[in-house]
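Chain residues, written in single-letter form:
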Amino acid sequence: MEKTNQLYEGKAKKVFATEDPSLVIVSYKDDATAFDGAKKGEIRGKGAVNNRMSNFLMRKLEAAGIPTHFAEELNDRETVVKKVEIVPLEVIIRNVSAGHFASRYGVEEGIVFDEPVFEFSYKNDDLHDPLLNTSHALALKLATREEIDTIRNMALKVNEVLKAFFAGCGVRLIDFKLEFGRLPDGSIVLADEISPDTCRFWDAQTNEKLDKDRFRRDLGGVEEAYQEMMRRVFGE
Ligand code: TMP
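Residues numbered from 1 in each chain as written. Predicted model: local features only at pLDDT ≥ 70, side-chain atom pairs only at ≥ 80, totals over all residues. Heavy atoms only, no water.

**Comments concerning the packing of helix 1 (residues 46-63) against helix 6 (residues 222-234)**
And step 1. Contact pair helix 1 / helix 6: the axes reach a minimum separation of 10 Å and the direction vectors enclose 30 degrees. If you check the angle between helix 1 and helix 6, you find them roughly parallel. Considering the relative orientation of helix 1 and helix 6, their crossing is left-handed. Contacts between helix 1 and helix 6 involve Lys46, Val49, Asn50, Arg52, Met53 and Phe56 from the first element and Tyr226, Gln227, Met229, Met230, Val233 and Phe234 from the second.
And step 2. The class makeup of the residues in the contact of helix 1 with helix 6 is eight nonpolar, two polar and two charged. (Axes fitted to C-alpha atoms, helices over the stretch in contact; angles between N-to-C directions. Helix = DSSP H or I, 4+ residues; strand = E, 2+ residues; numbered from the N terminus. Parallel < 35°, antiparallel > 145°, perpendicular 65-115°, else oblique. Left-handed = near helix turned anticlockwise from the far one by under 90°. Contact = heavy atoms within 4.5 Å. Nonpolar A, V, L, I, M, F, W, Y, C, P; charged D, E, K, R; others polar.)

**Quick word on the sheet that holds strand 1 (residues 6-9)**
And step 1. Here we have five strands laid out as an open sheet, ordered 1-2-3-7-6, and antiparallel in their pairing. Looking at which strands have only one partner, the edges of the open sheet turn out to be strand 1 and strand 6 (70-73). Strand-to-strand twist of the sheet, defined as the mean angle between neighbouring strand axes without regard to direction, takes the value 25 degrees.
And step 2. Here three bridges tie strand 6 to strand 7 (residues 78-82), and the two strands are oriented antiparallel to one another. Each bridged residue has a counterpart across the sheet, and for Glu72 the counterpart in strand 7 is Val80.
And step 3. The strands touched by helix 1 are strand 3 (23-28), strand 6 and strand 7; relative to strand 6, the strand with the most contacts, the crossing angle is about 130 degrees. (Pairing = 2+ DSSP bridges.)

**Describing the site of the ligand**
And step 1. Near the ligand there are 14 residues, and of these Arg94, His100, Asp175, Lys177 and Arg200 occur at the shortest range.
And step 2. One nitrogen or oxygen atom from the side chain of Asp175 is found 2.6 Å from an oxygen atom belonging to the ligand.
And step 3. One of the side-chain N or O atoms of Arg200 is found 2.9 Å from an oxygen atom in the ligand.
And step 4. Protein coverage of the free-state accessible area of the ligand, which is 450 Å², stands at 83%. (Near = heavy atom within 4 Å. Polar contact = N/O pair within 3.5 Å; in protein donor to acceptor, adjacent residues only side chain to side chain. Areas by Shrake-Rupley, 256 points an atom, 1.4 Å probe, with all protein chains shown as cover.)

**Things to note about the pairing of strand 13 (residues 188-191)**
And step 1. Along strand 13, one buried face is formed by Ile188 and Leu190 and the opposite face, lined by Val189 and Ala191, is buried too.
And step 2. Bridge count for strand 12 (residues 171-182) against strand 13 is four bridges, and the pairing is antiparallel. Note on strand 13: the bridge partner recorded for Arg182 is Ile188.
And step 3. Linking strand 12 back to strand 13 in an antiparallel pair, the connection comprises five residues, with Gly186 at a positive phi of about 90 degrees. (Buried < 20%, exposed > 50% of the residue type's maximum accessible area, 1.4 Å probe, protein only.)

**Overview of the pattern of salt bridges**
And step 1. Scanning all chains against the criterion turns up 28 salt bridges.
And step 2. Close ionic contact of Lys163 with Glu160 constitutes a salt bridge, the shortest N to O distance being 3.8 Å. Of this pair, Lys163 and Glu160 both sit in helix 4 (residues 145-167), three residues apart, which is roughly one turn of that helix.
And step 3. One network of salt bridges, in which partners are shared, links Arg94, Arg104, Glu109, Glu119, Asp175, Arg200, Lys209, Asp213, Arg216 and Arg217. (Salt bridge = Lys/Arg side-chain N within 4 Å of Asp/Glu carboxyl O.)

Keep in mind these values describe shape, not function.
See the structure below:
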């Protein structure tokens, strides 16, 4: 499968057309941003880590009955995925308080929730991805009620599969962000990526952060954390 013209360049990935109109090629960059692009940098090797980890997890989720956009890994940085129309919602699941949950509600990080927290934001950098509830999303016609139900059920199932998998790697899955897309037949599939850019991972023994918070918060050891997550997942 060959790339033809570039369709889109995002903060962390480029998307290319292919000769098959139903498939696109995603190319993962080492570029890193935070705070809606206000902070910029590079994390060497990140593109390859995110590409390989995301594909591995998407395959695992497919095996658990969750439909995804994944088609074929081409090389370290490039993957063929089904072309979808992205639903403009950032779907977040939280198992433990951290990040914006802690700052928004004035609580410490590390509180274990009795049940997962489900939330979504409007995917819109200019508006700083504002938090939404279902009626806001319906009023803005971002998705139908049926799609929101499907997305919620799929996101909670993703959480169960990933939490169990990462526990086996000695990693606590604190929270993560998912994006979903519509195929031409209107069905919803998991899209985008699942990686240290989009999840919070804490070491199960020490609670050391092994994710993009090291970049967001200038904690140092950023590249090392991404490589450590590769070792945990692939045993490399
Ligand atoms: P938050 O606590 O900042 O809302 O982040 C929740 C989760 O979502 C965390 O695992 C990081 C991820 N995330 C993204 O993938 N993209 C984003 O733009 C933001 C703000 C968070």
